Every structure is written in structure tokens, then in C-alpha cells.
Amino acid sequence: TVDPEAGVQVTFGATEAIAAALLAFVGAGDEVLVLDPSYDSYAPIVARAGGAVQPVALDPPSWRVEPAAVEAAVTERTRVLVLNSPHNPTGRVLDCDELETLADACRRHDLIVITDEVYEHLVYAGRHIPIATLPGMFARTVTVSSLGKTHSLTGWKVGWASGPPELIARVRGVKQFLTFAGGTPFQHAAAVGVALGAQDLAAALRAKRDRLAAGLSNLGYAVLDSAGTYFLNADAAPLGEPDARALCLRLPHEAGVAAIPLSAFTADPGRPATRSLVRFAFCKREAVIDAALARLSTNARCP
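Residues numbered from 1 in each chain as written. Predicted model: local features only at pLDDT ≥ 70, side-chain atom pairs only at ≥ 80, totals over all residues. Heavy atoms only, no water.

Asks: I'd love a proper account of the sheet that holds strand β8 (residues 222-223), names of residues and values included.
Replies: Pairing is antiparallel across the open sheet formed by four strands, whose spatial order is β8-β9-β11-β10. Where the open sheet ends on each side, the last strands, each with one partner, are β8 and β10 (260-261). Direction of pairing for strand β9 (residues 231-235) relative to strand β11 (residues 277-281): antiparallel, over a ladder of five bridges. If you follow A234 over to β11, its bridge partner there is V278. (Pairing = 2+ DSSP bridges. Helix = DSSP H or I, 4+ residues; strand = E, 2+ residues; numbered from the N terminus.)

Right, here's the structure in full:
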């Protein structure tokens, strides 16, 4: 993601890297900006560091980062921005204007940025732009990525954090007292995998996304766009299901299908804009996607 000659790297799993970075830069009473909805590990890690999450609300169906929402979330206690793009759970790939909005806030308020870019090569619309490449941002950014998502090797837990030496030294200092070291054979294999690229995987996943989206739409769900990641969201309200949490609790019993309500990723689970949304994963074999759609079609609550 970032020219290795312009900075240094430390290797470990991506979630661990984000945790180490948060522990390195967040202390008691500090606040951390997080796009909301967000990956569910961020808030507990921030809390463990003694900080508090300040959500920057994203609204469906566009999920855009709005300048007013960013400014409303920043306070005198804000120290860090955790930025995830391509974004889990919405599938949003932030564009230049959104990234500049965030970068401008970071420069003006002297914030450190921790980026979660594990889906950086799984982009189906738009273009992934690392915020570290924007003017003045490399010096304040720790960029995290991994093989887990971009090469379908989630079980390996091999990733990396890269950035300027002074920031990476603090992250490495925390790692020293977490796991200390990674799996060396996996790290050598990871170097080979990075050289291979991930274009074929992205093309295959795009087709699976379209397959699932078409099937859910045929069942009556209102399907939202997904420009990246493994996930797409569908609104169950047209099916007469205003509460996605209740629906997702029933689906394994009624249809043998597991999904996650988007409310599980939000600071306010009752927020009307996201209450009826369900996150589905399309990183499955085509036969599994087809079987899930067939089961959903026989669910008594589906038309």
C-alpha cells in the first residue's frame, strides 16, 4: 500500500496490528474517531486502551463521509482516527473528496490515523486510495493490511503495519509485549503471495457479489451497492421485517441461513436508518450461495 522505501514495516495479524497501534497512541480519556457502522473489534480495543469511541455516522444507501459529521465528532480530546476503506460492513470505497475531508480534519487537529486496508485489493467499483498518499498524511499514518482477505488466507493471521519510523517504533514496542513474533514460515509464504497479486480473486468475488445481489433482489430484499470487501447489505423492510436483529435470530432456525444485522456494527443499534439492514457475506462457493438463496426462498416470511 505504501512504498516500503519511504517507511518501515512490522509484521503480524491485521487485527493485532490495529490493536497494537491503538494501545500505542490512545490513553485514558482520549477519543478515537471511527466510521459508524464499524468493524466490531475497534470499540473494545479503544476501551481497553482507556479511550472512548466517537462515531462518525454514515447513512445508507450512499454511506458517504460528510464533513459536518466529521467536525461534529471531533473534540479537544480526539487523538486518533481509525479509517477502514474498503469499508466493512458497508462495502463503501471512500473517494478522493471523502478522504480529503478526513485528511483535512487530521491535519488541523493533529490526529494520528490508523488505517485498516485489509480489503485494499477487493474493489469492484471506484478505486482504493490510501490516505497515507495524500499531502502531509504519511507522517501521521500507520497503514495496516494483510493476506487474510486479499488472498483468502484468514487462518494464517499474517499482516503488517507500515509507516514512518517514529510511529512504527511505538507500534513495535507494544507488539513486543503482545505476541512478540509471528509465524516465520507463513511470513515467507506471505512475501510470495504479495508478489502474485489478487486480481483474479477480485474478479471472482465480483461475480459472487452479483450472484447474491440478484438472488436477494428476486426474493424481495432491497439490495444496497457494495463497491468492495466480502459483504453486501440488504434491506429486509420490504419483506415486512423492520427489525433485522429479530430476523437474523430466526433465519438459522427457519431457513438454515446465517447473516448479521447491521445494527451489531453500530454505536446506536436502534438507529432507524440501519435497523432493517442485514449484512450478507458472498465469499462463498457458488453452490453455497445458491443453496442459501434457495433456503431463503422457502422461508415462510419471504414472498
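Asks: An account of helix α6 (residues 165-175) is requested, with residue identities and associated values reported.
Replies: Within α6 the residues assigned to the buried category are L167, I168, V171, V174 and K175. When α6 is viewed along its axis, its buried side chains cluster within an angular range of 115° and face the same direction. (Buried < 20%, exposed > 50% of the residue type's maximum accessible area, 1.4 Å probe, protein only. Arc of directions from axis to C-beta.)

Asks: Requested: an account of empty space enclosed by the protein, with residues and values cited.
Replies: Inspection of every chain in the model, using the stated rule, returns one cavity of 30 Å³ or more. Counted as a void, the largest cavity has a volume near 50 Å³. For the lining of the largest cavity, the class distribution of residues is four nonpolar, three polar and one charged. (1 Å grid on protein atoms, 1.4 Å probe; cavity = no way out; pocket = protein on both sides within 12 Å on 5 of 7 lines; lining within 4 Å. Points joined across faces, edges and corners; volume = space filled by probe spheres on them. Nonpolar A, V, L, I, M, F, W, Y, C, P; charged D, E, K, R; others polar.)

Asks: Describe the packing of aromatic side chains, and please don't skip the residues or the numbers.
Replies: Evaluated as defined, the whole model comprises six aromatic pairs. Ring geometry for Y39 versus Y42: centroids 5.7 Å apart, planes at 75°, classification edge-to-face. Here the aromatic cluster, defined as three or more aromatic residues joined through ring pairs, consists of Y119, Y230 and F231. (Phe/Tyr/Trp six-rings, centres within 6.5 Å; stacked < 30°, edge-to-face > 60°.)

Asks: Report on the pairing of strand β6 (residues 141-146), specifying residues and quantitative values.
Replies: Most of β6 sits out of view: six of its six residues are buried. Here β6 shows two buried faces, one formed by T141, T143 and S145 and the other by V142, V144 and S146. Bridge count between strand β5 (residues 112-116) and β6: four bridges; the pairing is parallel. Directly across from T115, in β6, lies its bridge partner T143.

Asks: Which residues make up the packing of helix α1 (residues 14-25) against α6, and what are the values?
Replies: Between α1 and α6, the shortest axis-to-axis distance is 8 Å and the interhelical angle comes to 105°. Taken as axis vectors, α1 and α6 run roughly perpendicular relative to one another. Touching E16, A20, A21, L23, A24 and F25 of α1 are L167, R170, V171, V174 and K175, all from α6. Classifying every residue of the contact of α1 with α6 gives eight nonpolar, no polar and three charged. (Axes fitted to C-alpha atoms, helices over the stretch in contact; angles between N-to-C directions. Parallel < 35°, antiparallel > 145°, perpendicular 65-115°, else oblique. Contact = heavy atoms within 4.5 Å.)

Asks: Summarise unusual backbone geometry; cite the residues concerned and give the values.
Replies: Note the cis peptide between S85 and P86, where omega equals -10°. Within the fold, P86 resides in the loop between β4 (78-84) and α4 (96-109). Despite not being glycine, D110 shows a phi value in the positive range, around 55°. Along the chain, D110 falls in the loop between α4 and β5. Owing to a relative accessible area of 58%, D110 belongs among the exposed residues under this scheme.

Asks: So, the environment of S152: which residues are in play, and what are the values?
Replies: Turning to its location among the elements, S152 is positioned in the loop between α5 (147-150) and β7 (159-163). Residues S152 and V288, 136 residues apart in the sequence, show an inter-C-alpha distance of 17 Å. Not counting residues up to four positions away in its chain, the partners in contact with S152 are L147, L201 and Y230.

Asks: Residues and numbers for the side chain of S263, please.
Replies: Within the fold, S263 resides in the loop between β10 and β11. Those residues in contact with S263 that lie beyond four places of it in its chain are R245, P269 and T274.

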